[in-house]
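# Commentary on secondary and tertiary structure
Below, each chain spelled out in residue letters.
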Amino acid sequence: MSVKPELAQDVWKDAGKNVLFTTFELKREDQAKDQEAIQDFVDRYQAIIRSMRIRADGENLRTALGFSNAAWDYLFPDAPKPKELETYNTLKGPKYTMPASKGDIFIHLRADSEAVLYEMMSQIRLFLKDFTTVVDETKGFRYFEGRAIIGFIDGTENPQMEDAADYAIIGDEDSFFENGSYAFAQKWHHNMDIWNHLTTETQEKAVGRKKFSDLELEDEDKFKNAHNVTSQATINGVEQKIVRMNVPYSDPASDNTGTYFIGYARHWTVTKTMLQNMLDQNDYLLSFSDILSGQVYFIPSRPLLDKIADGELN
Ligand code: HEM
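What counts as what
- Residues numbered from 1 in each chain as written.
- Predicted model: local features only at pLDDT ≥ 70, side-chain atom pairs only at ≥ 80, totals over all residues.
- Heavy atoms only, no water.
- Core = buried A, V, L, I, M, F, W, Y, C linked by side-chain atoms within 4.5 Å.
- Buried < 20%, exposed > 50% of the residue type's maximum accessible area, 1.4 Å probe, protein only.
- Donors = N, O, S within 2.8 Å, 3.2 Å for Na, K, Ca; no water.
- Helix = DSSP H or I, 4+ residues; strand = E, 2+ residues; numbered from the N terminus.
- 1 Å grid on protein atoms, 1.4 Å probe; cavity = no way out; pocket = protein on both sides within 12 Å on 5 of 7 lines; lining within 4 Å.
- Points joined across faces, edges and corners; volume = space filled by probe spheres on them.
- Nonpolar A, V, L, I, M, F, W, Y, C, P; charged D, E, K, R; others polar.
- Arc of directions from axis to C-beta.
- Contact = heavy atoms within 4.5 Å.
- Salt bridge = Lys/Arg side-chain N within 4 Å of Asp/Glu carboxyl O.
- Phe/Tyr/Trp six-rings, centres within 6.5 Å; stacked < 30°, edge-to-face > 60°.
- Lys NZ or Arg CZ within 6 Å of the ring centre and 35° of its normal.
- Near = heavy atom within 4 Å.
- Polar contact = N/O pair within 3.5 Å; in protein donor to acceptor, adjacent residues only side chain to side chain.
- Sits in = over half its atoms within 2 Å of the grid points.
- Pairing = 2+ DSSP bridges.
- Lys, Arg positive; Asp, Glu negative; His and termini not counted.
- Expected span 1.5 Å × (residues − 1).

If you look at the biggest cluster of nonpolar residues, it comprises 71 residues, and the most contacted ones within it are Ile 38, Met 98, Ile 107 and Ile 124. In this structure, Phe 21, Ala 183, Tyr 249 and Tyr 260 belong to the second largest nonpolar core, which totals 23 residues.

Here it is, written out as C-alpha cells:
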C-alpha cells in the first residue's frame, strides 16, 4: 500500500483550535453549468489555500473539502466512484436513531485564530454562492486540555500521529482514489443540564475513563453501554480505528451546546460499524443528546482535486 499523507488533504491530524464546519447543497438548476462552476470553484479553493498559507503563516491552517454520494453522481456522472461512497441513511437501534441529513459539499477548516477561518470562508463563499445554499455552518472550538464539552479528554485512543494516516487514508485497495478519505460529519446537541447533574463517578462509568486523569476504567467498573465500550469496532477479530477530530460548539447563553463529530476513515464501513454498535448498545451519550445531522463525504486527494479543477472528471 502506498499511502502518501502529503498528497492527502488534512484528514489525519490536528483537530485545531478554531474550527468551521460548513455544509452546502447544490441548487441543481443547470447540471452543465454546475459542473463547470465546480471546476472553477475547486481551482479557486486550492489557490485560496495557497494564498492563506502565505498570509496566515504560522496559523496552522488545515483544510478538507469533500463531496457526498449525491453530489458525486450529479457532478461527475461519468467518472469512477470511490468504492465505499454511498448516501448515509438514518441508522436505527432499539432505542435511538442517528438521522441522515442533506449535504453535497462539506468543508472542514481549522486554524489557530478565528480570523483565518472568517477570511477563508468569505472567499470560498464568493465562488459557491451562486449555485449552492448553506445547509449548516457550525463554529467549533478547542476546549480546555482538548476535552470534549462533557469534560473528558477526547482523542486518547485515536491512532497516534505516526499511524494515523494508515487509518484515515485510502490505499491501493481503491487505486484511483488513493490518498482520499471518507469523512463522517454528525452534529450532536447535548442536554448539558442532565449531564452536569450526574455525579462524576456516574459520568466516568458512562464514558469509561477517569475524568481528571483520563485513565481508562477496568471493564467491570464501566457501564455496559459506556461510550468507549460501544464505539469499538472489530472486523474479523481485528480492532479498527478511525481518526476523530470532534470539537465542542456552543452558544452558551441559549444553551445550544454540543459536539460536532467528525471522523476520517480509510474505510467508511469502519465508521458505520462504530455508529451501529453505539446504537445497538444504547451508548450512554445518546441518553442526553439529540443528533441533528449526519452525512458521509468523500475527501479527494490533492492530485484528484487538481483533476477536478482541470475538468478531467467530467
Ligand atoms: C458526539 C459526541 C461524542 C463525544 C462527546 C465523544 C467523546 C469521546 C471521549 C471523551 C472518548 C474517550 C477518549 C478517547 O479515546 O478519545 C471517546 C472515545 C471514542 N469515541 Fe467518541 N465521542 C462522541 C461521538 C462518537 C462517535 C459518533 C463515534 C463513532 C463514529 C465515536 C467513536 C469513538 C471511538 C472509536 C473511541 C475510542 C474507544 C476506545 O477504543 O477506547 N465517538 N469519545
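Moving on from the model shown.
This brings us to the coordination of the iron atom of the ligand. Just one protein atom coordinates the iron atom of the ligand, and that atom is His 227 (NE2), at 2.0 Å. Assignment of secondary structure puts His 227 in helix H7 (residues 227-230).

On to the layout of surface pockets. The probe, sized like a water molecule, is rolled over the atoms to show the empty space still left. In this structure, the largest pocket occupies an estimated 750 Å³ of space. Along the wall of the largest pocket there are 32 residues; nearest its centre are Asp 154, His 227, Asn 228, Ser 231 and Arg 244. With four residues, the top contributor of residues to the lining of the largest pocket is helix H8 (residues 268-280). Across the lining of the largest pocket, the residue classes tally to 13 nonpolar, 12 polar and seven charged. The computed volume of the second largest pocket comes to approximately 630 Å³. Taken together, 34 residues make up the lining of the second largest pocket; nearest its centre are Asp 14, Ala 15, Asp 154, Asn 158 and Arg 244. For the lining of the second largest pocket, the per-class residue count stands at 14 nonpolar, eight polar and 12 charged.

A few words now on helix H4 (residues 161-168). Think of an α-helix as turning once every 3.6 residues; residues three or four places apart then point the same way. Here H4 has its buried residues at Ala 164, Ala 165 and Ala 168. The buried residues of H4 all sit within an arc of 95 degrees when viewed along its axis, so they share a single face. The inward-facing, buried residues of H4 contact strand S7 (181-190), strand S10 (243-244) and strand S12 (256-265).

Attention now moves to the pattern of salt bridges. Following the criterion strictly, the structure yields 19 salt bridges and no others. Glu 25 is the salt-bridge partner of Lys 102, the closest N and O atoms lying 3.6 Å from each other. Linking Lys 102 in the loop between strand S4 (97-98) and strand S5 (105-111) with Glu 25 in strand S1 (residues 18-26), this pair joins segments that are 77 residues apart in sequence. For Lys 102, a relative accessible area of 52% translates into the label exposed.

Here the focus is the packing of aromatic side chains. All chains considered together, the criterion is met by 19 aromatic pairs. With a centroid separation of 4.9 Å and an interplanar angle of 75 degrees, the aromatic rings of Phe 176 and Phe 177 are classed as edge-to-face. Accessibility expressed as a relative area gives 1% for Phe 177, which makes it buried. Clustering of aromatic rings is evident, with ring pairs tying together Phe 67, Trp 72, Phe 76, Phe 176, Phe 177, Tyr 182 and Phe 298. The lysine or arginine in question, Arg 28, covers the ring of Tyr 74, its NZ or CZ lying 4.8 Å from the ring centre.

Next up on the list: the site of the ligand. Taken together, 25 residues sit near the ligand, with Gly 155, Thr 156, Glu 157, His 227 and Arg 244 positioned nearest. Here an oxygen atom of the ligand sits 2.9 Å away from a polar atom, N or O, in the main chain of Glu 157. The cavity that encloses the ligand is the largest pocket. Looking at the shell around the ligand, the elements that each hand over two or more residues are S7, H7, S12 and H8. No other element matches H8, which puts four residues into the shell around the ligand. For the shell around the ligand, the residue count by class is 10 nonpolar, 10 polar and five charged.

Another aspect to go through is the pairing of strand S2 (residues 62-67). The buried fraction of S2 is high, at six of six residues. Burial of S2 is two-sided: the residues Arg 62, Ala 64 and Gly 66 facing one way and the residues Thr 63, Leu 65 and Phe 67 facing the other way are all buried. In the sheet, S2 pairs with S5 via six bridges, with the strands oriented antiparallel. By the bridge assignment, Leu 65 is partnered in S5 with Ile 107.

Counting through the fold element by element, Asp 34 comes out in helix H1 (residues 31-55). Look at Asp 34: it is buried, it has no salt bridge, and the nearest opposite charge is Arg 28 at 6.9 Å. Filtering out sequence-adjacent residues up to four positions away, Asp 34 remains in contact with Arg 28, Glu 29, Tyr 74, Leu 75 and Phe 131.

Between its first and last C-alpha atoms helix H3 (residues 114-128) spans 21 Å; for 15 residues at 1.5 Å apiece the expected length is 21 Å, and the two agree. When we look at burial in H3, the residues that qualify are Val 116, Leu 117, Met 120, Met 121, Ile 124 and Leu 128. Angular distribution of buried residues about the axis of H3 spans 115 degrees; they occupy a single face of the element. Turned more than 90 degrees from where H3 packs its buried face, Ala 115 and Tyr 118 sit exposed. Looking at the buried residues of H3, the elements they touch are S1, H1, S2, S5 and strand S6 (132-141).

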